[in-house]
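Residue-level listing of the chains:
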Amino acid sequence: MTGVWLPLAATVLAAALTWWCCVRPMVNNRACHGTRADKSDPELQEELRSARKERQQLREQTTPPATPTKAPEILDR
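Conventions used here
Residues numbered from 1 in each chain as written. Predicted model: local features only at pLDDT ≥ 70, side-chain atom pairs only at ≥ 80, totals over all residues. Heavy atoms only, no water. Helix = DSSP H or I, 4+ residues; strand = E, 2+ residues; numbered from the N terminus. Buried < 20%, exposed > 50% of the residue type's maximum accessible area, 1.4 Å probe, protein only. Areas by Shrake-Rupley, 256 points an atom, 1.4 Å probe, with all protein chains shown as cover. Salt bridge = Lys/Arg side-chain N within 4 Å of Asp/Glu carboxyl O. Patch = residues over 30% accessible without salt bridge, like charges linked within 9 Å, V, L, I, M, F, W, Y side chains within 5 Å. Phe/Tyr/Trp six-rings, centres within 6.5 Å; stacked < 30°, edge-to-face > 60°. Lys NZ or Arg CZ within 6 Å of the ring centre and 35° of its normal. Disulfide = S-S within 2.5 Å.

1. Looking at the overall build of the chain
A tally of helices and strands in the chain yields two helices and zero strands. Taking all 77 residues of the chain together, the buried fraction comes to 1%. Counting every atom, the chain has about 7,600 Å² of accessible surface; 62% of that belongs to carbon and sulfur.

In structure tokens form, the structure reads like this:
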């Protein structure tokens, strides 16, 4: 029975530290992660637009042709 106390104490300590360092700040809305992005931020919206445009271009480049061909598919056009 004495061999159980050390792992049990370590588990309780880990849970307490997790509560104190991670969960408690999030509950109090004081977490150290980044703030939520505001939709009125023009720089962020421009970056998002350019990233979406780039993603669309990459998808168009890697989409296989609509008609099946007997030749091997070449993706870099």
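2. With respect to the pattern of salt bridges
Under the counting rule described, the total for this entry stands at one salt bridge. E46 serves as the salt-bridge partner of R49, at 2.8 Å between the closest nitrogen and oxygen. One end of the pair is R49 and the other is E46, both in helix α2 (residues 42-62) and three residues apart, which spans about a single turn.

3. Points about a nonpolar patch on the surface
Side chains of V4, W5, L8 and V12 sit close together on the surface and give an oily, nonpolar patch of about 400 Å² of accessible area. Relative to the helices and strands, V12 resides in helix α1 (residues 2-27). Judged by its relative accessible area of 51%, V12 is exposed.

4. Section: the packing of aromatic side chains
Inspection of every chain in the model, using the stated rule, returns zero aromatic pairs. One residue, R24, lies across the ring of W20, its end atom 3.8 Å from the ring centre.

5. Focus on the state of the cysteines
Where two cysteines share a covalent bond between their sulfur atoms, that bond is called a disulfide. Applying the stated criterion across every chain, the model contains zero disulfides. Not part of a disulfide, C21 finds its nearest cysteine sulfur in C22, a span of 6.0 Å. Under the relative-accessibility criterion, C21 is labelled exposed at 52%.

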